[in-house]
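What follows is each chain in one-letter form.
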Amino acid sequence: RTIARTLFEKYYPIEVDHTMTPAEKIPSMEEWWSTAHSLMVKYKLEKSQLAASVPISNCALRDGVNKFLDTCCAEDIPFLIFSAGLGDVIHEVMLQKASMTSNMHVISNFMDFDDNGVCQGFLGKNIHSFNKNETAIEGSPWFSDVHERHNVILLGDSLGDLHMSDGLEINERIAVGFLNDKVEARLEEYQRRYDV
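Residues numbered from 1 in each chain as written. Predicted model: local features only at pLDDT ≥ 70, side-chain atom pairs only at ≥ 80, totals over all residues. Heavy atoms only, no water.

Caption draft 1: Fine view of the pairing of strand 2 (residues 104-113). Counting buried residues along strand 2, eight of its 10 residues qualify, which places the element largely inside the surrounding structure. The β-α-β motif built from strand 1 (residues 79-86), the intervening helix 5 (residues 87-97) and the parallel element strand 2 has right-handed crossover chirality. By the bridge criterion, four bridges tie strand 2 to strand 3 (residues 119-123) in an arrangement that is antiparallel. Bridge pairing links Phe-113 to Cys-119 in strand 3. Where strand 2 folds back on strand 3, the antiparallel hairpin that results is connected by five residues, among which Gly-117 adopts a positive phi of roughly 80°. (Buried < 20%, exposed > 50% of the residue type's maximum accessible area, 1.4 Å probe, protein only. Helix = DSSP H or I, 4+ residues; strand = E, 2+ residues; numbered from the N terminus. Right-handed = clockwise from strand over helix to strand, strands pointing away. Pairing = 2+ DSSP bridges.)

If you want it as structure tokens, here you go:
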């Protein structure tokens, strides 16, 4: 945890620095994710630890999320969770605190576990804050679910999230921003860039 905290303290300020362009930030984001992922391999993270950590974590879903997810499922609306985090953790959180429905897809960084359930690497290309877009899902089984959809409700908590729908043919997009920290410093830019 100490090493992870050190990485966060080094790289998170770069991720949220409004004076830097995404192109300037990307090398640091790639370094951050690669280093963090290699630590999980080095310390032999076990799949069983993920399920055990969710109930004791401070992870919480927003009020009304279950109703929102149920409505999307009932109306056959594709629901993509696009995250630069750990897909295995997100999947476990959804299983324990909400539900994983047939219309839901998690696009994230998934671990590759060996036969003993020990992390031996990661599957696919690292997804970080600035490469979450159509190219990360193109060719996937659920790409056809969203490729023909032309209206998007985008929910994000970083300015990089505004690019999650890049590459899709969209008629209408409503972008809802969640500003979780550094509110005073970042509020004006969020109000300018997000619709809500």
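Caption draft 2: Up close: the sheet that holds strand 1. If you trace the three strands from one edge of the open sheet to the other, you get 1-2-3, paired in mixed fashion. The outermost strands of the open sheet, each flanked by one partner alone, are strand 1 and strand 3. Geometrically, the sheet is characterised by an average inter-axis angle of 35° between neighbouring strands, direction not taken into account. Along the sheet face, helix 5 touches strand 1 and strand 2 and points at about 125° away from the line of strand 2. (Axes fitted to C-alpha atoms, helices over the stretch in contact; angles between N-to-C directions. Contact = heavy atoms within 4.5 Å.)

Caption draft 3: The arrangement of helix 7 (residues 183-193) in detail. The complete set of buried residues in helix 7 reads Arg-186, Glu-189 and Tyr-190. Along helix 7, the residues classed as buried sweep out an arc of 105° about the axis, all on the same side. Turned more than 90 degrees from where helix 7 packs its buried face, Glu-184, Glu-188, Gln-191 and Arg-192 sit exposed. Considering only its buried residues, helix 7 is in contact with helix 1 (2-15). (Arc of directions from axis to C-beta.)

Caption draft 4: Fine view of unusual backbone geometry. A positive phi angle is found at Lys-44, which is not glycine, with a value near 55°. You can see Lys-44 is positioned in the loop between helix 2 (22-42) and helix 3 (47-53).

Caption draft 5: Representation of helix 5. Among all positions in helix 5, only Gly-87, Asp-88, Ile-90, Glu-92, Val-93 and Met-94 are buried. Buried-residue contacts for helix 5 involve helix 3, helix 4 (65-74), strand 1 and strand 2.

Caption draft 6: The environment of Gln-49, seen in detail. By secondary structure assignment, the location of Gln-49 is in helix 3. Judged by its relative accessible area of 40%, Gln-49 is partly exposed. Counting along the chain gives 69 residues from Gln-49 to Val-118, while the straight-line C-alpha distance between them is 9.8 Å. Among the polar contacts made by the side chain of Gln-49, one reaches the main-chain amide nitrogen of Glu-46 at a distance of 2.6 Å. (Polar contact = N/O pair within 3.5 Å; in protein donor to acceptor, adjacent residues only side chain to side chain.)

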